[in-house]
Amino acid sequence: MSAPPAPVLSADLIAMVQRGVSTIVSSCDAALRPSMMRAMGSSITDDGRFATVYLSRKQSRQLLQDIAASGRVAVVFTHPASNRALQLKSLQARTRNTDATDQAVLARYLVAMETEIAEVGFPPVLTRAMLAHDIADVVAVEFEPAEAFDQTPGPKAGAPLDAVRAGDGT
Amino acid sequence: MNKPTLGEIRPCLEGLIPAVIATAAADGTPNVAYISQVCFVDEDHVALSFQFFNKTRANILANPHASLLVLHPQTAQFFRLHIRYLRTETQGPLFESMKAQLAGIASHTGMANVFMLRGSDVYAVQEIEALEGSPLPAPPPRCGMLNTVRRCSERLSRCTSLDEVLNATLATLTDFMGVQHAMLLMLDPVNQRLYTVASCGYATSGVGSEIAVGHGVIGVAARERTPVRIQHMTTAYLYSSAIRSSLQANTPDLALDVDIPYPGLREPHSQLAVPIVSAARVLGVVFVESPHDMQFGFEDEDMLVAIAGHLGAAIDLMQSASEPQETVAAEPSAPPALGSALQVRHYRANDSIFIGDDYLIKGVAGAIFWKLVRNYTEQGRTAFSNRELRLDPDLGLPDVTDNLEARLLLLQRRLKEHGPLVRIEKTGRGRFQLMVQRPLELQEAS
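A. Structural view of the interface of chain B and chain A. Between chain B and chain A, the residue contacts involve 31 residues of the former and 34 residues of the latter. Listed by contribution, the elements that provide at least two residues to the side of chain B that touches chain A are β1 (19-24), β2 (30-35) and β5 (65-71) of chain B. For the side of chain B that touches chain A, the class distribution of residues is 18 nonpolar, 11 polar and 2 charged.

Below, the structure written as structure tokens:
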């Protein structure tokens, strides 16, 4: 079986992720036990073909081990006020240390999240506590999305976004 | 690492901040999904709302391991729960209380039209991790709850009548729990309806209004014997309108409006109904509500369940306390009734009673009143005993659990609301007196 084509993300979904929205990262070990953590930040390229999520090492030990072992990752991006959500998956995620560029991404992300979470009724002080980190503890996880799914709550949640892959089922 | 218990992280399970679940397919593909509702079942179990046949569903059926991430809504500390899927419940107390709660969450998050509870997925909690971070200071623990339960217990243990028991309970709710709108309802086990016997905080008392078992938060709490707690306005379930319409469902074949309006808030934002259970029987429901969101947390539920337990025991005691065996001998001197006659009409079909044009009461309480006024007009009697009512086959009181005290109290309160001309007053344990200020003209209608 040849490698499936990369999913095509709509411009507005890419824009949603680029704005900075809630990001949850998951993987799984060989015994099929899932691991998971909220990311400290996230970004995606303009064409939607390369995503980066940031994890705190001390909060994500098992998750980082699982990603390192299998390359598997599932990431959900959610806009809190609208519940609009996108799930990206990859089999080839890898980790790297962060640098000053990443620090700027994380700072922008925090500002965006303070606003978005305030929209659903929580003060910025809560968001800052939730996303508080020491940059030395943060690791970047990079991947090219191999699959993308509409994750907005409802009966269509889980439907693949890429028409080319729609026939494969999820 | 610090390992908290599930009880310690209950604030994270109130639905203020959505939880996230990670699952894995049989081939190891992970999946992440938001969960509307995580319900504390007991120290070792949580239940998650199952709403859609989605990837999470497929995964847990194939591989029961899951991971749940929750956030403390005040400190922003993360907790990660390692859980294992056990079973799905599609009926019963857990399912029904989650269904009611979900309706509130759904309307709060603007997802009312897509949220339906298919089942309650029960998971064993295998481990809870408190994650390192920079949490905010925890708010001081709420104090005074045990003291509230103590005050209620003290007040209830001083009571010598059902009337006092109900008043003491409502007073505790308003004095110590900050409750402004409350109702106490008793179950009619024969008709499977709950009738309001006391309330506070409403424009009209609603005493005598009825709700069918199974209808609305009150009816579901009684049917499922479980507390039902809603934290947000519930347009999805239309609980309050369900109650209103259920009042009309049992209208008798009379072209008369014999419904006492349900007194509840038009636009409740928080509601909590707790069954009153004693000796394994449901006696009624304690119901509190508020026009504001998130007024009743899990601690309020704990408190109200404890109070309802005391209340149930007290009600049972008042109903079953020994009564004098002899019939009432001496007639207390009653002032003669003077003035123009009051017309009292009785409709045999449902034992409804009208005084003049005003509807008074129906059902067993109506039949009791009819017996009293007939005795009064035919024999001039004003003194009566509970015992003779129990022995009267015409009243059709069930052998056990007749709730006679509650029905007499209901009648007494309805009469009091109607006016001063006809009243009943307790004159001792198991005894009461009919007090009439005008001559009565009885009319049997069909």
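B. Molecular detail of the sheet that holds strand β12 (residues 270-278) of chain B. All names here are of chain B. As summarised here, the arrangement of the 6 strands in space is β10-β9-β8-β13-β12-β11, forming an open sheet in which the pairing is antiparallel. Two strands lie at the open edges of the sheet, namely β10 (210-212) and β11 (228-230), each paired on one side alone. The average undirected angle you get between the axes of adjacent strands in this sheet is 25°. Note: strand β8 (residues 181-188) against strand β13 (residues 281-290), 6 bridges, orientation antiparallel. Its bridge partner being in β13, A182 is matched across the sheet by V288. Seen against the sheet, helix α5 (residues 216-224) touches β8, β9 (193-200), β10, β11, β12 and β13 and runs at an angle of roughly 30° to β12. Its contacts with the sheet put helix α7 (residues 298-320) on β11, β12 and β13, and the angle it makes with β12 is roughly 35°.

C. A look at the pairing of strand β2 (residues 34-38) of chain A. All names here are of chain A. Counted residue by residue, β2 has 5 buried out of 5 residues, so it is predominantly covered. Along β2, one buried face is formed by P34, M36 and R38 and the opposite face, lined by S35 and M37, is buried too. Here strand β1 (residues 22-28) pairs with β2 via 5 bridges, running antiparallel. Residue pairing in the sheet places C28 in a bridge with P34 of β2.

D. Representation of the sheet that holds strand β7 (residues 94-97) of chain A. All names here are of chain A. Here 4 strands make up an open sheet; going across it, the order is β3-β4-β8-β7 and the pairing antiparallel. In the strand order of this sheet, the two ends are held by β3 (41-44) and β7, each with one partner. When strand polarity is set aside, the average angle formed by the axes of neighbouring strands in this sheet is 25°. Relative to strand β4 (residues 51-56), β3 runs antiparallel, the two being bridged by 4 bridges. Each bridged residue has a counterpart across the sheet, and for S42 the counterpart in β4 is V53.

E. Structural detail: unusual backbone geometry. All names here are of chain B. Even without a glycine there, the phi angle at Q192 is positive, about 55°. For Q192, the position within the fold is in the loop between β8 and β9. Residue classification places Q192 among the partly exposed residues on the basis of 13 C-beta atoms within 10 Å. Its identity as a non-glycine residue notwithstanding, A279 has a phi of 50°, on the positive side. Within the secondary structure, A279 sits in the loop between β12 and β13.

Criteria and thresholds
Residues numbered from 1 in each chain as written. Chains lettered and ligands numbered in written order. Predicted model: local features only at pLDDT ≥ 70, side-chain atom pairs only at ≥ 80, totals over all residues. Contact = placed C-beta atoms within 7 Å. Helix = DSSP H or I, 4+ residues; strand = E, 2+ residues; numbered from the N terminus. Nonpolar A, V, L, I, M, F, W, Y, C, P; charged D, E, K, R; others polar. Pairing = 2+ DSSP bridges. Axes fitted to C-alpha atoms, helices over the stretch in contact; angles between N-to-C directions. Buried ≥ 20, exposed ≤ 12 C-beta atoms within 10 Å, placed from the backbone.

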